[in-house]
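# Fold and contact review
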Amino acid sequence: MPNYGVPPLALARGEGCRVWDEDGREYLDLIAGIAVSSLGHAHPALVEAVTAQVATLAHTSNLFVHEPEVRLAERLRGLLGGDGRVFLTNSGTEANECALKLAIKYGKANGRSYFVATENGFHGRSMGALSLTGKASIREPFGPYALDVRFVPYGDADALKAAVDGDCAAVILEPTQGEAGVVPPPDGYFAAARAACDATGALFIADEIQSAIGRTGAWFAFQHENARPDVLTLAKGLGGGLPIGACVAFGEHGVIFAKGDHGSTFGGNPVSAAAALAVIDTIDADGLLGHATEVGEILAAGIAAVDHPLLAGVRGRGLWRAAVLTGPHAPAVEAAARAAGFLVNAVQPDALRIAPPLILSAAGARAFTTALPAILDAATPQES
């Protein structure tokens, strides 16, 4: 189907932070499969874990239990304070669908009828998740939707507080808007959302599909403000390249579902769960949270130091950044970067997403920022 157009490259293999196309050309991967390949490509710990598991038990369905999914749920609980209940899925969209169903059931039990989400937010493309997505170009063609969702400007704590009352079932937020162009909110915004939900009894759902598992230099981005949600969703970087997601609900919210309320044939798949355990263990053992913070600052400082008419600045945290442009130049800059041997993502017309593997070296970050002026020159529109 023509959803994606014609891809610019056919990739053949990868190692560490580098990939090679079918013609043998080498690139520094600063996309990581859209913030997925947290350990880069062909990491020995991931290869070993997946190989051992697929040779032992590759699939069970949800009719039986297996050790990797139990260990993974317990590990996630430990990272989150110990009192969460975990539902494992096989994508971020499905993690958000799980959270949405939890919130709908909570709302029906408590006489709450509507949801609050943010303009330009992104929560997935299935019909439930899409109903919460505030990007009109992908949302509106598939409406109308069954849910009453009220959209507020992202980062405006007063608008959020005004939109949440005793009839609100849930508020869903990204700690930083990823698909909108790695747009962080003002300091204190997540804490303000937590307070608004506490005051009214609405569920607070944090969509950490892109931001979790070290991407911002913490296990979870909400930890930067110590504003734990009632429900947390994560995916992408959790499996290091294997498809897996999770919905975690805390306290009394972890038992909203009853038997039969939700399910997934592939959720908690043994191979994906083994991969996720290897990712978490490696991030922990190799100190990659601190590394992501350190190298992320080097990357941001290097971009900020570039003086060029096409470049307006840089934003983001850890190894989740956007090079902000002065106009709709991102597709041209992406193409110029690719020609120079760097893979970045034109996530918005005026923003380049940079979300490399968490193992990116300081030298790798500097290689990109050193090359950036020439890349921007190559992307500069020529006067006729």
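Everything quoted here is computed from the prediction, not taken from an experiment.

### Remarks on the sheet that holds strand E14 (residues 345–348)
- The sheet built from 4 strands is open, its strands ordered E11-E12-E15-E14 with antiparallel pairing. Of all strands in the sheet, those bounded by a partner on one side alone are strand E11 (311–317) and E14. Strand-to-strand, the axes of this sheet are offset by a mean angle of 30 degrees, without reference to chain direction.
- When strand E12 (residues 320–325) meets strand E15 (residues 351–354), the two strands line up antiparallel, connected through 4 bridges. Of the residues in E15, the one forming a bridge with Arg321 is Ile354.

### What about the pairing of strand E1 (residues 11–15)?
- Relative to strand E2 (residues 18–21), E1 runs antiparallel, the two sharing 4 bridges. The residue bridging Glu15 from the neighbouring strand is Arg18, located in E2.
- Taking the residues between adjacent antiparallel strands as the criterion, E1 and E2 are bridged by 2 residues, where Gly16 takes a positive phi near 65 degrees.

### As for the nonpolar core
- Core analysis: the biggest nonpolar cluster contains 79 residues, and Leu72, Phe220, Leu234 and Phe368 have the highest contact counts within it.
- Sorting elements by how many residues they give to this core places helix H9 (residues 270–285) first, with 9 residues.
- With residues near it in sequence (within four places) discarded, Leu234 still touches Leu76, Ala95, Glu208, Ile209, Ala212, Ile213, Phe220, Gly245, Ala246 and Val248.
- Counting residues in hydrophobic clusters, the runner-up holds 19 residues, among them Leu100, Ala117, Ile172 and Leu203.

### What about helix H4 (residues 92–109)?
- Here H4 contains 18 residues, and its C-alpha end-to-end distance of 26 Å stays within 8% of the 26 Å for a straight helix at 1.5 Å per residue.
- Within the span of H4, buried status applies to Gly92, Ala95, Asn96, Glu97, Cys98, Ala99, Leu100, Leu102, Ala103, Tyr106 and Gly107.
- Of the residues that open H4, the one with a side-chain oxygen 3.5 Å from the backbone nitrogen of Thr93 is Ser91.
- The first or second residue beyond H4 is Gly111, which carries a positive phi of 65 degrees.

### With respect to the pairing of strand E5 (residues 114–118)
- Across the 5 residues of E5, 5 count as buried, placing the element largely inside the fold.
- A two-sided burial pattern is seen for E5, the buried positions comprising Tyr114, Val116 and Thr118 on one face and Phe115 and Ala117 on the other.
- Two elements, E5 and strand E6 (residues 148–152), share 5 bridges in a ladder whose sense is parallel. Pairing of Phe115 across the sheet is with Val149, part of E6.

### Things to note about the state of the cysteines
- Applying the stated criterion across every chain, the model contains 0 disulfides.
- Take Cys98: it sits in no disulfide, and the sulfur closest to it among the cysteines is that of Cys247, at 3.7 Å.
- Of all cysteine sulfurs in the structure, the one in Cys197 sits closest to Cys168, which takes part in no disulfide; the separation is 6.6 Å.
- Relative accessible area serves as the criterion here: at 0%, Cys168 is assigned to the buried category.

### Focus: the packing of aromatic side chains
- Taken as a whole and assessed by the stated rule, the structure comprises 4 aromatic pairs.
- The aromatic ring of Trp20 is capped on one face by Arg13, whose charged end is 4.0 Å from the ring centroid.
- Above the face of the Phe250 ring, Arg228 is positioned so that its terminal group lies 4.0 Å from the ring centre.

### Topic: the pattern of salt bridges
- Throughout the structure, instances matching the rule amount to 12 salt bridges.
- When the shortest N-O distance is used, the salt bridge between Arg194 and Asp230 registers 3.1 Å. Linking Arg194 in helix H8 (residues 189–200) with Asp230 in the loop between strand E8 (203–207) and strand E9 (231–234), this pair joins segments that are 36 residues apart in sequence. Each member of the pair, Arg194 as well as Asp230, is classed as buried.
- Here Arg321 and Glu297 are joined by a salt bridge, their closest N and O atoms 3.3 Å apart. Highlighted residues: Arg321 in strand E12 and Glu297 in helix H10 (residues 288–304), separated in sequence by 24 residues.
- Taking the relative accessible area as the measure of exposure, Arg321 reaches 5% and is therefore buried.
- Here the salt bridges share partners, and the residues they tie into one network are Arg75, Asp281 and Asp284.

About the cut-offs
- Residues numbered from 1 in each chain as written.
- Predicted model: local features only at pLDDT ≥ 70, side-chain atom pairs only at ≥ 80, totals over all residues.
- Heavy atoms only, no water.
- Pairing = 2+ DSSP bridges.
- Helix = DSSP H or I, 4+ residues; strand = E, 2+ residues; numbered from the N terminus.
- Axes fitted to C-alpha atoms, helices over the stretch in contact; angles between N-to-C directions.
- Core = buried A, V, L, I, M, F, W, Y, C linked by side-chain atoms within 4.5 Å.
- Buried < 20%, exposed > 50% of the residue type's maximum accessible area, 1.4 Å probe, protein only.
- Contact = heavy atoms within 4.5 Å.
- Expected span 1.5 Å × (residues − 1).
- Polar contact = N/O pair within 3.5 Å; in protein donor to acceptor, adjacent residues only side chain to side chain.
- Disulfide = S-S within 2.5 Å.
- Phe/Tyr/Trp six-rings, centres within 6.5 Å; stacked < 30°, edge-to-face > 60°.
- Lys NZ or Arg CZ within 6 Å of the ring centre and 35° of its normal.
- Salt bridge = Lys/Arg side-chain N within 4 Å of Asp/Glu carboxyl O.

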